[in-house]
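Each chain is listed here by its residues.
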2 protein chains.
Amino acid sequence: MHQTLVDQDGRGTAKEMTLLDRVRGLILGGDFPPGAPLSEVFLAQEFEVSRTPIRETLKQLQHEGLVEIRPKVGTFVREPSRREIVEMFQLKESFEGLAAGLLARRGKVREIAILERNIEESDEAAADQDAARYAELVHEFHQTIIRGADNHKLMEHYERLMNQLAYHRLVLRTAERPGRISASTAEHRTVLEMIKAKDHFGAEAAMRNHVYASSREVLTGSRADGD
Amino acid sequence: MHQTLVDQDGRGTAKEMTLLDRVRGLILGGDFPPGAPLSEVFLAQEFEVSRTPIRETLKQLQHEGLVEIRPKVGTFVREPSRREIVEMFQLKESFEGLAAGLLARRGKVREIAILERNIEESDEAAADQDAARYAELVHEFHQTIIRGADNHKLMEHYERLMNQLAYHRLVLRTAERPGRISASTAEHRTVLEMIKAKDHFGAEAAMRNHVYASSREVLTGSRADGD
DNA sequence: GTAAGCTGTGATGCATGCATCAGACGTTGG
DNA sequence: CCAACGTCTGATGCATGCATCACAGCTTAC
């Protein structure tokens, strides 16, 4: 029984998605809001598998912090408290700062080129008032730095963290304001300059400053550029 | 050799240990060295449960990075490569630096008192050439700082990281050299001074410097104080 | 003698059934 | 009317059995 496991966002890329990815997608996609119960039998029917692999999946998601399993009661989508969100942003700052520092130390030409191009396109997107494209580029900028750090363990922890933040980010996306989206580009530029100068100390500081600034504004709702 | 089924902290509290803890203890305790296969049926018999909960446990451990599940083949204790160990130490440096900085910012009197006492006892242990006690105190010092940071998400990520490093640390423990164990106490003292001065920037830098120094020596085998 | 193919064995992957238990709801006593 | 209790329902927790597959070792062709 080779059920074609198509992804749900209609990209048509039809890559084989593991059950874990699919259930997680259900949560992050908003189909199950925080607090919603995740019944094993329901999910089993939904994905046409038995309860056993569903149970394994839910336990994994518990480990990721996305769901809460109350023994003998059920599994529920976890709603991070505001405090936890603050904590996670502190971690994000630390992770991305570390990554920027490592990348600066390595001075990888290819990544630098990508980042330069990214900033150019960000300027264009900002000029075009294309908020969606801008958000995409911001995401790409951070991803490039994380990946460029060349530290796989860091990537793992970072991904775990961002998964937990993801639902929150989706909510924030809706609050984008095209008029202010270029605010963070200047900070991106500073980070890139530090990296190009191989100033790992400065790069880390600039990146942390940037993440801190955008997270502050996210938390207070004043910038909310989805970054 | 090791108490297998009871809790390991010798508290005698015999708290109900979850299967996850018990299997993990088997790995970290060295009963299953890296590369060893973890047969589901064997573990099921060992713990007198069926294969189903064992499977769930193994999937969790995979997520923790302690084991590697090769589909349709089996589960094996993962042996971190040297590169991964370096990566993990970089993360450790970042985590503990963040924690020290947060603790300095908070300036919690209780934690500071604990740390001061810890350093005193460390000096005594060093004077007594009591390597085991010293290692214990070092561990406690770091734990106090991590917990004092008051960031639960940070603790989670830190624990995950240290679990992956744990096997390696056990190996290092055997290489302790009583003559040099006091080397890190000076660094601990510096960290504490920064925290007392509420210099979060300095505290972070001092902590990172300390972690970097000890990890360097661990990796090159020149200090190897288990820190 | 070597390499390709085949079969056996043992493991995992999953479906299913039963035991157990938390929480809901109706009932009853005050 | 309210609170305490008993029953009931639906879920989870786990044991078990069957299908499937990777790998080893043997067989066979060349």
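Above this text sits the structure in question.
Along every chain, residues carry numbers that run from 1 in the direction the sequence is written. The order in which chains are written sets their letters, starting at A; the order in which ligands are written sets their numbers, starting at 1. Since the coordinates come from a predicted model, pLDDT governs what is reported: local features require at least 70, and pairs of side-chain atoms require 80 or more to be given and counted, while whole-chain, interface and lining totals use all residues. The side-chain values count all of the structure's non-hydrogen atoms but skip hydrogen atoms and water molecules.

> Residue-level account of the protein's contact with DNA strand D, with values.
If a single non-hydrogen atom of a residue is within 4 Å of a molecule or strand, that residue counts as near it. Among the 16 residues in the neighbourhood of DNA strand D, the closest are listed as E40(A), R51(A), R55(A), S50(B) and K72(B). Sugar plus phosphate: this is where 66% of the atoms of DNA strand D within 4 Å of the protein reside. For the purposes of these results, a polar contact is taken to be a pair of N or O atoms within 3.5 Å, where, inside protein, one atom must be able to donate a hydrogen and its partner to accept one; residues adjacent in sequence count only when each atom of the pair is a side-chain atom. The contact in question runs from a phosphate oxygen of DNA strand D to an N or O atom on the backbone of E40(A), over 3.0 Å. S50(B) is positioned such that a nitrogen or oxygen atom in its backbone is 2.4 Å from a phosphate oxygen of DNA strand D. Secondary-structure elements contributing two or more residues to the surface near DNA strand D are α3 (51-64) of chain A together with α3 (51-64) of chain B. If one sorts the elements of the surface near DNA strand D by residue count, α3(B) sits on top with three residues. Throughout this entry, Asp, Glu, Lys and Arg are counted as charged residues, while Ala, Val, Leu, Ile, Met, Phe, Trp, Tyr, Cys and Pro are counted as nonpolar. The remaining residues, Gly among them, count as polar. Residue composition of the surface near DNA strand D, grouped by class: six nonpolar, four polar and six charged. Strands here are runs of E lasting at least two residues and helices are runs of H or I lasting at least four, both read from the DSSP assignment and numbered beginning at the N terminus.

> Give a detailed account of the protein's contact with DNA strand C, specifying residues and quantitative values.
Close to DNA strand C lie 16 residues, the nearest being S50(A), K72(A), E40(B), R51(B) and R55(B). The share of sugar and phosphate among atoms of DNA strand C within 4 Å of the protein is 62%. Within the side chain of R55(B), a nitrogen or oxygen atom sits 2.2 Å from a phosphate oxygen of DNA strand C. Elements represented by at least two residues in the surface near DNA strand C include exactly α3 of chain A together with α3 of chain B. At three residues, α3(A) tops the list of elements feeding residues into the surface near DNA strand C.

> Mind laying out the relation of the copies chain A and chain B, listing which residues take part and the relevant values?
With an RMSD of 0.1 Å, the fit of chain A onto chain B corresponds to turning through 180 degrees and sliding 0.0 Å along the axis. The two molecules are tied by a two-fold rotation axis, judged by turn and shift. Distance from the rotation axis, computed per C-alpha, reaches its smallest value in chain A at E56(A): 2.7 Å. Interface overlap between copies: 100% of the residues of chain A at the interface are likewise at the interface in chain B, consistent with a symmetric, same-surface contact. A least-squares superposition brings the copies together, and it is based on the C-alpha atoms of residues with pLDDT no lower than 70 in both. We call two residues in contact when some of their heavy atoms are within 4.5 Å.

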